[in-house]
Amino acid sequence: MRGLRWFIVSLVALATVINYIDRNALAIMWPEISKDIGASKDDYANLVVVFTMFYALGQSAFGKIFDVIGTRMGFVASIIIWSASIALHATARSIGAFALLRSTLAFSEAGNWPGAVKANAEWFPPRERAFAQGIFNSGASLGAIVSLPLIAWLFTLFGWKATFAAVGVLGALWIIPWLVIYKAGPAIHPWLTNKERIHILGAGTEIESAVPVGQLYAPTMKQLLSHKESWAIILSRLFLDPIWWLFVSWLPIYLSESFGFDVQQIGAFGWVPYVGAMLGALSGGWFAGILIRSGCSVGFARKAMVIFGGLLMLPALLLTGRASDPLTAVLLIAVILFGFQVAIGNIQTLPSDYFHGSSVGLMAGMSGTAAVLSVLVVTKLVPVMTSVSFAPVFVMSSLFVPLSIASLIFLGGRVEKVTSKSE
């Protein structure tokens, strides 16, 4: 099968679409769910906190799981658990029940990210990784685009309980083509052409790819943290990720409270910013690849795109706090999410640039955990800071942008493999 690596990354992107449909369903339907179960805005914030805490745990846990059992079965385990969790939301009748199900959903959904980074490292040479990561990240954006009108439509037809049950089926269906197509890694996959195998493994990963799962050197967390490059990835994500989560978790609530939107209006407007995010995900990887092919170093290309994304985010965040109509607001947020995806796609590629395949999953999971911990803090602040308007939250988020860029510039060294078995 020619171009098999693109089929693989497309399936990972599709899993991410499903991931976002499942996680966004609660936020989109919350105005009506809260009425049925007698819940408040603070209750919703607490559910976001629960989700965030277990998402942080799941990042590192599944990062290690993917390194141990491999990409193929790692995705199967992750998606089975999260699909069952979202379907069981239909049975919840209290905040406690929702909290339990949000915890299992978050823990398992977190596996999608270190798994995608690991698949990227296995199936793409360095010059293509940022674009491949962009395809994967565009799945998150497409999932957000699709989820708003889809969930609103299903809710209108069937109500929130049946909607949860329906979206739970999507993950189970995804597993079928995944198991059929992803038979093995690129070193031994029977469908891979010799030309594509050489193209993929030409980046110096032939030996790593040929070693069976479980026999690779797997550095400990302590060993990874001894490198400043690890801290460049961790801190840049710690400061940047809360911006994405602010809109993923709170955009429907923002539209409802700021402009009086109901579920149908949220579905009509709320997808617009994620078009910008999808375009940013693809553009960031594409232009990084152009810079590398033109002779720029991998490190320069990654940092250049992160800086460019930050320059888009910073003014748009400040202007969003002053938006007086919903159209202006969602267009500004589209610019924010465009810049975010340009930056984050390149940051998420760095674990596979800096480290060997045997540690990519753990490094990606560790940075994801750190990022989600900062999201947890911001989530607790949102109800307090938005008693009058969301403007203070947007101003606070704008301060995160230069901190993320500075972390990457001052701690991120040359892109070269910095782990070894001797460590």
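Here's what I pulled together on the structure shown here. Since the model is a prediction, treat every value here as computed from it, not as a measurement.

1. Quick notes on the packing of helix α3 (residues 71-87) against helix α5 (residues 112-123)
Consideration 1: Their axes nearest at 10 Å, the elements α3 and α5 cross at an angle of 160°. As far as their axial angle goes, α5 and α3 are roughly antiparallel. The crossing of α3 and α5 is left-handed. Where α3 abuts α5, its residues T71, F75, S78 and W82 lie against N112, G115, A116, K118, A119 and E122.
Consideration 2: Split into classes, the residues belonging to the contact of α3 with α5 amount to four nonpolar, four polar and two charged.

2. Comments concerning the packing of aromatic side chains
Consideration 1: Within the structure shown, the criterion is met by 28 aromatic pairs.
Consideration 2: Measuring from ring centre to ring centre gives 5.7 Å for F51 and Y55, while their planes differ by 20°; the resulting arrangement is stacked. Here F51 and its partner Y55 are both found in helix α2 (residues 41-69), four residues apart, which amounts to about one turn of the helix. One exposure class covers both F51 and Y55, and it is buried.
Consideration 3: Here the aromatic cluster, defined as three or more aromatic residues joined through ring pairs, consists of Y20, F51, Y55, W113, W244, W245, Y274 and F340.
Consideration 4: Sitting above the plane of the Y20 ring, R23 keeps its charged end 4.3 Å from the centroid.

3. Some remarks on the pattern of salt bridges
Consideration 1: Overall, the coordinates contain six salt bridges when judged by the stated rule.
Consideration 2: We note a salt bridge from R5 to E196, for which the minimum N-O separation is 3.0 Å. Pair noted here: R5 is in helix α1 (residues 4-37) and E196 is in helix α8 (residues 194-201), with a separation of 191 residues, a long-range link. For the pair R5 and E196, one class covers both residues: buried.
Consideration 3: For E109, the salt bridge is made with R23, and the minimal N-O distance between the two is 3.3 Å. Of this pair, E109 sits in helix α4 (residues 95-109) while R23 is found in helix α1, placing the two residues 86 residues apart along the sequence.
Consideration 4: Residue classification places E109 among the buried residues on the basis of a relative accessible area of 0%.

4. Topic: the side chain of T349
Consideration 1: Position of T349 among the secondary structure elements: in helix α15 (residues 326-354).
Consideration 2: Engagement of the side chain of T349 in a polar contact is seen with the backbone oxygen of G345, the distance being 2.7 Å.
Consideration 3: When near neighbours in sequence (up to four residues on either side) are disregarded, T349 contacts R129, A130, Q133 and R302.

5. Re α2
Consideration 1: Between its first and last C-alpha atoms α2 spans 40 Å; for 29 residues at 1.5 Å apiece the expected length is 42 Å, and the two agree.
Consideration 2: Looking one or two places after α2, you find G70, whose phi comes out positive at around 95°.

6. Focus on the nonpolar core
Consideration 1: Formed by 123 residues in total, the largest nonpolar core has its most connected members in F164, W174, W178, I243, W244, F247 and Y274.
Consideration 2: Examining the composition of this core, we find that 18 residues originate from one element, α1, more than from any other.
Consideration 3: If we skip the residues at most four places from it in the chain, F164 touches A25, L26, M29, I33, I86, A87, H89, A90 and F98.

7. Describing the packing of α1 against α2
Consideration 1: At their nearest, the axes of α1 and α2 sit 12 Å apart, and the two run at 175° to each other. Considering their axes alone, α1 and α2 lie roughly antiparallel with respect to each other. Along its contact with α1, which presents R23, L26, A27 and W30, the element α2 presents D43, Y44, L47, F51 and Y55.
Consideration 2: Residue composition of the contact of α1 with α2, grouped by class: seven nonpolar, no polar and two charged.

Analysis parameters
Residues numbered from 1 in each chain as written. Predicted model: local features only at pLDDT ≥ 70, side-chain atom pairs only at ≥ 80, totals over all residues. Heavy atoms only, no water. Axes fitted to C-alpha atoms, helices over the stretch in contact; angles between N-to-C directions. Helix = DSSP H or I, 4+ residues; strand = E, 2+ residues; numbered from the N terminus. Parallel < 35°, antiparallel > 145°, perpendicular 65-115°, else oblique. Left-handed = near helix turned anticlockwise from the far one by under 90°. Contact = heavy atoms within 4.5 Å. Nonpolar A, V, L, I, M, F, W, Y, C, P; charged D, E, K, R; others polar. Phe/Tyr/Trp six-rings, centres within 6.5 Å; stacked < 30°, edge-to-face > 60°. Buried < 20%, exposed > 50% of the residue type's maximum accessible area, 1.4 Å probe, protein only. Lys NZ or Arg CZ within 6 Å of the ring centre and 35° of its normal. Salt bridge = Lys/Arg side-chain N within 4 Å of Asp/Glu carboxyl O. Polar contact = N/O pair within 3.5 Å; in protein donor to acceptor, adjacent residues only side chain to side chain. Expected span 1.5 Å × (residues − 1). Core = buried A, V, L, I, M, F, W, Y, C linked by side-chain atoms within 4.5 Å.

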